[in-house]
Amino acid sequence: MQMKLNNLVITGEEDHILYMQTESGHITYISPSGEAYFALDSAQIIGMQEVELFSEQIAFDLMEIDQRVLITGRPHHYQITQQGNLHQKTIMVTKYLVQTTDESAPQLVSILQVQQDAPIEKTEPRIAPLNPQFLALQSAITAVSNSLDLDLITETFTWEMAHLLQATACAYYLWQDDQNRFLLQNVYDSQQTISFTEILTIKAHPFLRHAIEERNVYQMNRKTAVQNDEVRYLTTLNVGTILCVPLCTQGRLIGLGMICIADNTYEFAVSETAVAQLLADQTASTIFNAQLYTELLKTNERLIESNSDLQAFARTTAHDLKTPVGSIIGFAELLVQEQNRFSPAEASEFLHIILRSSHQMRSIIDNLLLLASVRQKDMPIAPVNMSTVMPEVLTRLAYLIKQSNCEFSMPDKWPMCLGDAHWLQEVWANYMSNAIKYGGTPPIIKLGATPLDNGKIRFWVKDNGKGLSTTEQEQLFIPFSRIHQKGEQKQGHGLGLSIVQRIVQKLGGSVGVNSTVGEGSTFYFELPQFSSKR
C-alpha cells in the first residue's frame, strides 16, 4: 500500500489501515484497506474523528496517543487490546507527525495493524474499568498544573477534587508552619450550605494529626466516628462524611484538602482515596512551584528597585557631597598654604565655612543611613499620641525655628493613630524642616490632623511657600529626585521625602501633597486611626 500526498510518499502493508488527521482529530485521508475495514467509502469517513469509527475504549486510547505525539513531536508505538466475553482484539498502532507542505500545519499519520481475534479465557477485567477514572484524574492533574497563579490553582483544585469524587464540597487549607495551623484559602460548595472553619489547629481538632504528623489520608463519617472531636466537627459542618487529604511535596506539608459528602454512612473506597492523594500530591507540587515563582518575582522587583535606587544614589550622593567637600578642601588648602595672608577674623570665617560644610556632609550621610535603615528594619505598630511626639520634634528643630523666626500653630489635642513614635518623629521633622526651608519669609507653619471616613487620620503640615506645579508634585516622593524651582537657590527635597514615604508605607499608611503655585503647599501622611474598641 502506498499513499502519495504532494511530494510525500507514505508506504505500509496492504492489510494495514492508514489514515491522516488534522491536529483537531478530523480525518483527511483513509486508505482502501481502511474503507474495507470500516465498510464505509472515503467520502463518508473523511471529516470524521476516531471516536466515530472505533469503540469508546479504543477511541480513548487512540486520542491519548494523538495528544502525546502532538505534544512531543515524536513517533509513538502502542498496542491496544480490546477484550470481549470470549475473544480479544489486538491493534498495533504507529502514529507520527508529517509536514504535508511548507506552509500547512502538520498532520497525524496513523498506521493500524488489526490482528485476528483470538479466543481468551474468561477473566475479570483489571485495567479497562479504571480507564474513565484515570482519564478524569489525568484531566484534573492537567488543570491544576496549568497555572502559577496561587488563587487559580487552589480554586481549580477544590473544583476538580469535588467532581472527581462526586462530593458535595471541597475546601483547601494552607498550612502555616510558623503558627502550627491550617488557614482556609478556597472552597467549592455545590450546595452552598457548608460553613467551613476559617482556622484549624490540632489542639481543637485532634483528627488533624493524621495529616500533620503521619501525612496520611483520613476519613470519618457520623456512623463510625467515635472521637468527640470528629462527631463535633461533622455536626458543625452538617455533613455526613469527611475525607482529609494532606498536600505534601519534597517532605514538606503544603496544605490540606477536605472533601465532604452528605451521606452519613458513605465510606471512600481505597481506589478513591488513592486518586485523591495523587491529585493532592500534584497540586502540592504546583503550589510549591507557584510559591517559588511568586517569591522570585518579588525578589526581581526588589532587585530592579534596588538597582534603580543605586544608580540614582550614585548620582545624587556625588552631587550632594561635591559642594561641601569642595568647600572643605578649598578653604583648608588656603589656610594651610597661605595662612599668613589672612587676618584672624578671616581665618575664623573660613573655619566656620569648613564646619558648616562638615555638618552638611554629616546630614547627607545620616539621611543615607536612615534610608537604608528604613528599607531593612521592621517597624512595630502600636497606638501613638502625637502630643508625646511633637515635643521631641520641636527640640530637634529648635535652632532652625529660632534662626528662621518661624511662626508655628498646632492643635492642643491630637487624635490617636497606629504607628511607631520613633519613626514618626522622623516624618514630622522632615515635613516641618522642609516647610521652614521652603516656606515664606518668615515661614508661617500650621500643623493639624483630620479624621477620614476610611478609618484613617490625615496629619498635615501647611506652609506659606511658593507652592508647587503639578509636574513638581509628581517628582516629590521619587527617591533621590530633586525639585529645581526658578529663582530658588535652595534645591529640594532630595532624600528626605523618599524616606518619609518609606516610613509611612511600612506603617501601613500613605503620603501626599496638595499645592497651588503662589498659595503654598500642604504635605500630609495618613495612618490608621486607633480605637480602644479593637
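Each remark here, short or long, concerns the structure printed above.
Residues numbered from 1 in each chain as written. Predicted model: local features only at pLDDT ≥ 70, side-chain atom pairs only at ≥ 80, totals over all residues. Heavy atoms only, no water.

(A) The arrangement of the packing of helix α12 (residues 421-438) against helix α14 (residues 496-506) in detail. Here α12 crosses α14 at 150°, and the two axes come no closer than 10 Å. Every pair of crossing elements has a handedness; the one defined by α12 and α14 is left-handed. The segment α12 lies against α14, with Trp-423, Glu-426, Val-427, Asn-430, Tyr-431 and Asn-434 engaging Gly-496, Leu-497, Val-500, Ile-503 and Val-504. (Axes fitted to C-alpha atoms, helices over the stretch in contact; angles between N-to-C directions. Helix = DSSP H or I, 4+ residues; strand = E, 2+ residues; numbered from the N terminus. Left-handed = near helix turned anticlockwise from the far one by under 90°. Contact = heavy atoms within 4.5 Å.)

(B) How the structure looks around the sheet that holds strand β20 (residues 510-515). Pairing within the open sheet is mixed, and its 5 strands lie in the order β16-β18-β19-β21-β20. Each of the sheet's edge strands pairs with one partner strand only, and the pair in question is β16 (407-409) and β20. Within this sheet the neighbouring strands show an average axis-to-axis angle of 20°, counted without direction. Bridge analysis of β20 against strand β21 (residues 521-528) gives 6 bridges, and the strand direction is antiparallel. Along β21, the bridge assignment pairs Asn-514 with Thr-522. Set on the sheet, α12 makes contact with β16, β18 (444-451), β19 (456-462), β20 and β21; between it and β21 the angle comes to about 170°. (Pairing = 2+ DSSP bridges.)

(C) Here's a closer look at the pairing of strand β10 (residues 181-189). Sheet topology places strand β9 (residues 169-176) next to β10; 8 bridges connect them, and they run antiparallel. Within β10, the position partnered with Leu-174 by the bridge is Leu-183. The turn joining β9 and β10, which pair antiparallel and follow one another in sequence, is formed by 4 residues; a positive phi near 55° is taken by Asn-180. Two strands pair when backbone bridges link them, and β10 and strand β11 (residues 199-200) are joined in this way by 2 bridges, in the antiparallel orientation. Within β11, the residue paired with Phe-182 across the bridge is Leu-200.

(D) Molecular detail of the packing of aromatic side chains. According to the stated counting rule, one finds 14 aromatic pairs in the structure shown. Centroid distance Phe-157 to Tyr-172: 6.1 Å. Interplanar angle 80°. Geometry classified as edge-to-face. One end of the pair, Phe-157, is in helix α5 (residues 150-164); the other, Tyr-172, is in strand β9, with 15 residues separating them in the sequence. Like Tyr-172, Phe-157 is buried. Ring geometry for Tyr-431 and Phe-523: centres 5.6 Å apart, planes at 50°, overall tilted. Of the two residues, Tyr-431 sits in helix α12 while Phe-523 sits in strand β21, which places them 92 residues apart along the sequence. Judged by relative accessible area, Tyr-431 falls into the buried class, the value being 2%. (Phe/Tyr/Trp six-rings, centres within 6.5 Å; stacked < 30°, edge-to-face > 60°. Buried < 20%, exposed > 50% of the residue type's maximum accessible area, 1.4 Å probe, protein only.)

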